[in-house]
Amino acid sequence: MTFLGETNSQTTVNSTLGFIFSNGSIVHNDSGVYFQTFTPVPFRVPNAYDFQTLKTRIHNTLQLTDEQYLDEIHYRQPFTDIGNHLRFQCMQLKNDDDVNTMLMCNNQFSSVDPIELLCTIGRTPDGILNILKATMTPTHDALLYYNGRWNMSPQNEFVGYSITRKNLKKFDIPFGCTMDALKDLIKQVAPHRIPPYGIHESQTVR
């Protein structure tokens, strides 16, 4: 991985190996904390960095889209306890001072593993909406009336319904629904007093 204006050898000398744990989890154990994720992503952290540049580097390394954004960055910070035992704690990076602290810790504990950063990736409102659209099945709004009456004129021309409001049911008809599927769907939303195979002749009015 090469930074702008640097050769591969310069990048290696002037930077530290790090790993990004994208949307991972923080686990506690005897040594403090450690990060988990499916596949940590390696990258180089220059020895002189500010917070915004670090965010930009992580954003580009993870190849985030316009519908994603870098929400939080947590550093697995090494320290020694009163018994001089190596421990790790979770430190959230929020500004340039935090980044400097991370780099100083890494320099102090040079024998420790590479820099580990747990990053939470969020989605913009448009990104969330697009995911919902992709996972939702298109439907048609429908109203179902039970025991409604046909109002017929003397010439037997259809006029409309006389609606019994207590039997009004709202439901969705999936796009591409077949007649058999529609019948099954009606049975599912039908009131309990309605027979499962249709309305009995005694419940109809001519």
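The structure reproduced in this document is the subject of the present report. Bear in mind the structure is a predicted one, so any value in this text is a computation, not a measurement.

Right, let's talk about the overall build of the protein for a bit. On a plain count of helices and strands, the protein comes out with 5 helices and 11 strands. Contacts in the protein between residues far apart in sequence, at least 24 positions, make up 61% of those at least 6 positions apart. As presented, the protein carries roughly 14100 Å² of accessible surface, and 52% of it is formed by carbon and sulfur atoms.

Moving on to the pairing of strand S1 (residues 15-22). As judged from the 6 bridges shared by S1 and strand S4 (residues 41-46), these two strands associate in the antiparallel manner. Residue pairing for S4: Leu17 is matched across the bridge by Arg44. In this sheet, strand S7 (residues 115-123) lies alongside S1 in parallel orientation, the contact comprising 5 bridges. Paired with Phe21 across the strands is Leu118, a residue of S7.

It is worth spelling out the sheet that holds S4 at this point. In spatial order, the strands read S4-S1-S7-S5-S6; together these 5 strands make up an open sheet with mixed pairing. Edge positions in the sheet fall to S4 and strand S6 (86-93), since each has one partner strand and no second. For this sheet, the mean angle separating the axes of adjacent strands, direction not counted, is 35°.

Moving on: helix H2 (residues 51-62). Spanning 12 residues, H2 covers 17 Å between terminal C-alpha atoms, matching the ideal 16 Å at 1.5 Å per step. Turning to H2, its buried residues are Phe51, Leu54, Ile58, Thr61 and Leu62. Looking down the long axis of H2, one finds its buried residues gathered within 90° of arc, a one-sided arrangement. Where H2 is buried, its residues touch S1, S4, strand S5 (68-80), S6, helix H3 (96-108) and S7. Of the residues flanking the start of H2, the one acting as N-cap is Asp50, its side-chain oxygen 3.3 Å from the backbone nitrogen of Gln52.

A few words now on H3. Given 3.6 residues per turn, any residue in an α-helix points the same way as the ones three and four places further on. Compared with the 18 Å implied by 1.5 Å per residue over 13 residues, the 18 Å span of H3 between its first and last C-alpha is a close match. For H3, every residue scored as buried is listed here: Asp98, Val99, Met102, Leu103, Cys105 and Asn106. Relative to the axis of H3, the buried residues are bounded by an arc of 160° and lie together on one face. Of the exposed residues in H3, the ones pointing more than 90 degrees away from its buried face are Asp97, Met104, Asn107 and Gln108. Sitting at the head of H3, Asn95 places a side-chain oxygen 3.1 Å from the backbone nitrogen of Asp97.

On to unusual backbone geometry. For Gln63, which is not glycine, the phi torsion reads 55° and is therefore positive. With respect to the helices, strands and loops of the structure, Gln63 is situated in the loop between H2 and S5. Exposure remark for Gln63: the relative accessible area of 66% places this residue in the exposed category. With a phi angle near 65°, Asn84 is a residue other than glycine that sits in the positive phi range. Structurally, Asn84 can be placed in the loop between S5 and S6.

Quick notes on the rules
Residues numbered from 1 in each chain as written. Predicted model: local features only at pLDDT ≥ 70, side-chain atom pairs only at ≥ 80, totals over all residues. Heavy atoms only, no water. Helix = DSSP H or I, 4+ residues; strand = E, 2+ residues; numbered from the N terminus. Contact = heavy atoms within 4.5 Å. Areas by Shrake-Rupley, 256 points an atom, 1.4 Å probe, with all protein chains shown as cover. Pairing = 2+ DSSP bridges. Axes fitted to C-alpha atoms, helices over the stretch in contact; angles between N-to-C directions. Expected span 1.5 Å × (residues − 1). Buried < 20%, exposed > 50% of the residue type's maximum accessible area, 1.4 Å probe, protein only. Arc of directions from axis to C-beta. Polar contact = N/O pair within 3.5 Å; in protein donor to acceptor, adjacent residues only side chain to side chain.

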